[in-house]
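Fold and contact review
Here is what each chain is made of, one letter per residue.
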2 protein chains.
Amino acid sequence: MSALSRRSFLAGAALAALSLPAGAAAPMASAQGPGVYRYKLGSYQLTALYDGVWYVPIDDKFIRNASGADVNKALAAAFLPPRVLPISFTALLVNTGSKLVLIDTGTAGQLTDTAGSMLANLAVAGISPVEIDTILISHFHPDHIDGIKTKDGDKMFANAEIWVPEPEWKFWMDDAQMSRAKGPVLRYFLNSRRIFSDMAKEVRQFKPGAEVVPSIVSIPAYGHTPGHTAFAIHSGNQSMLAMSDTVRNPYLFARHPDWQPIFDMDGALAVKARRTMLDRAAADRMLVEAYHFPFPACGHMVKTATGYELVPVEWQPL
Amino acid sequence: MSALSRRSFLAGAALAALSLPAGAAAPMASAQGPGVYRYKLGSYQLTALYDGVWYVPIDDKFIRNASGADVNKALAAAFLPPRVLPISFTALLVNTGSKLVLIDTGTAGQLTDTAGSMLANLAVAGISPVEIDTILISHFHPDHIDGIKTKDGDKMFANAEIWVPEPEWKFWMDDAQMSRAKGPVLRYFLNSRRIFSDMAKEVRQFKPGAEVVPSIVSIPAYGHTPGHTAFAIHSGNQSMLAMSDTVRNPYLFARHPDWQPIFDMDGALAVKARRTMLDRAAADRMLVEAYHFPFPACGHMVKTATGYELVPVEWQPL
């Protein structure tokens, strides 16, 4: 084992307890530490599983109704460099005590070199993909569904029942809709087919608003995509919101809930869903989670004079 | 390997990739995920190493100049329950490329059942205690020095040169001072002796303000204890502040910098050190780290109308 890899992030592998020769310089680690954070909701155990970040170059047109200067100002307030949005990915695993439910599936390394660690982090959490019983999909953008299959088209979660929003399936699997698409949206159509075409018979569809599995209720949150869905999770007398893409980076989209990024297919509808969701979270002081919040991607929302602030959870022992 | 421990936090051990029988309920994990976060400063690699949390019951006298009601309000604003302060511990490892420097040493499990994971997280980071070249101590409170030795009095970091603030040594190792102490402060005197008495000849003392090791400059920040010290770390054209206990939980002590907790031996002097440190961090938009910030315990400080806000780093790949 080389000196360099010895300090690397070793998922599920033995770590040799070798020492350097006395006085030897310490090599730099080559990867980030594991991204696994566990928390409780009633009797459920939740695990945030980090997949990585996509560094998206953005221009003045990224927000339809805000200037590039305003966006760079929002990034600077988060101590982030201008003109690049770090889009973080964190999947949520729910252990109900009887079932392991995974909400969205990570990128499986198929989107960018800086993401794809979700499976390694699942291994750090001590869980094999074959143990996942249920997968809930919020919407059909690649960063949420790519993890369903490997690049070679093999199923990543062999035993999981996959549930998708009915209007999402209807839109992205519709050839007439696809015939009108271009650019990234056309790629999303093609990618949806790559993932789902040969699974059409086994994929289960739910109507947003329905309880998909016991105690996990879907919430229509359309706008980002035509069938984009969030989830409320209930255990005992506790509830939380898994907000999916209703809110993304909190320094941009919670602080500025009216901003309409080009990622939101129907900007005005997405704003409505965002405000409804954030109002509910803030008013009820609910625990929230969002796929694109910075890891561990959970906390609470506070309403301010101009928007909302994320109060991240304080990292604690289990 | 039992089903229960299979999902546990396994530090430096092999993780068996066994599967549950199909349809078996998934056991809950018994411990939090690893707490290791790496970031860069110039050419240096920094690693935040989580040790745990001490849940301290607090009463109306906890802050000398604020009411219990105000403290509970500050806790509620952080979505924390009343009358309990979660005091988080995160040690900082600095890899300069030629030396491994550890700033403060964790509790080694000697303070509370909910802390003591620092060594396990060091192992997750791929580092053996014998590889640590230098230990810098901010002050002599048990949560910062207990990690120097095991309960049995053995050295935890066999090859490390230990540097302590001269005024801290002078105060806590002074028998006349100890003769006037009682309660927790007396225990701190006794604990300082437990750790340091048989190491007096090898422990190195620095004068706060001095560059202790190349590129790590100590900063006198007296008040919390008589010799309490912070550190500025420099690499290339970048600098950061390791603030030690100048600021603790940000929702209490950054938002309310004038609050004087009973932990600060000279409350007024500690407030002065706190405001000086926070003003510097905010004005220069410096990266900061603090031993009691929520893990990964690093971010930036923003000045507000009434105090300061921590903007935590966004978790990113290395």
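Look a little higher up for the structure.
Description of the structure in this document. (Residues numbered from 1 in each chain as written. Chains lettered and ligands numbered in written order. Predicted model: local features only at pLDDT ≥ 70, side-chain atom pairs only at ≥ 80, totals over all residues.)

1. Thoughts on the sheet that holds strand 10 (residues 229-235) of chain B
Residue and element names in this part refer to chain B. Stated precisely, the cut-off is as follows: Any two strands between which DSSP finds at least two bridges are classified as paired. Numbering of helices and strands runs from the N terminus, with a helix taken as a DSSP run of H or I at least four residues long and a strand as a DSSP run of E at least two residues long. To get an axis, a line is fitted to the C-alpha atoms, and for a helix only the part in contact is used. The angle between two axes follows their N-to-C directions and goes from 0 to 180 degrees.
Read from one edge of the open sheet, seven strands run 8-9-10-11-12-13-14, paired in mixed fashion. Each edge of the sheet is formed by a strand with only one pairing partner; in this case those strands are strand 8 (211-213) and strand 14 (308-312). Averaged over all neighbouring strand pairs, the angle between strand axes comes to 35°, with direction disregarded. Pairing between strand 9 (residues 216-220) and strand 10: five bridges, direction antiparallel.

2. What to know about unusual backbone geometry
Phe295 of chain A connects to Pro296 of chain A through a cis peptide bond whose omega is 5°. Within the secondary structure, Pro296 of chain A is located in the loop between strand 12 (287-289) and strand 13 (298-303). At Arg83 of chain A, a residue that is not glycine, the phi angle is positive and equals roughly 65°. Its place among the elements puts Arg83 of chain A in the loop between helix 2 (68-77) and strand 3 (84-95). Residue Asp104 of chain B is not a glycine yet carries a positive backbone phi of 65°. Within the secondary structure, Asp104 of chain B is located in the loop between strand 4 (100-103) and helix 3 (118-124).

3. Some remarks on the interface of chain B and chain A
Rules: The contact rule is simple: place each C-beta atom from the backbone, and if two of them lie within 7 Å, those residues are in contact. All residues other than Ala, Val, Leu, Ile, Met, Phe, Trp, Tyr, Cys, Pro, Asp, Glu, Lys and Arg, Gly among them, are scored as polar; the first ten of these are nonpolar and the last four charged.
Contacts between the two partners involve 55 residues from chain B, matched on the other side by 56 residues from chain A. Secondary structure elements with two or more residues in the side of chain B that touches chain A: strand 1 (36-41), strand 2 (44-57), strand 3 (84-95), helix 3 and strand 14 of chain B. Of the residues forming the side of chain B that touches chain A, the biggest block, four residues, is contributed by strand 2 of chain B. Split into classes, the residues belonging to the side of chain B that touches chain A amount to 31 nonpolar, 18 polar and six charged.

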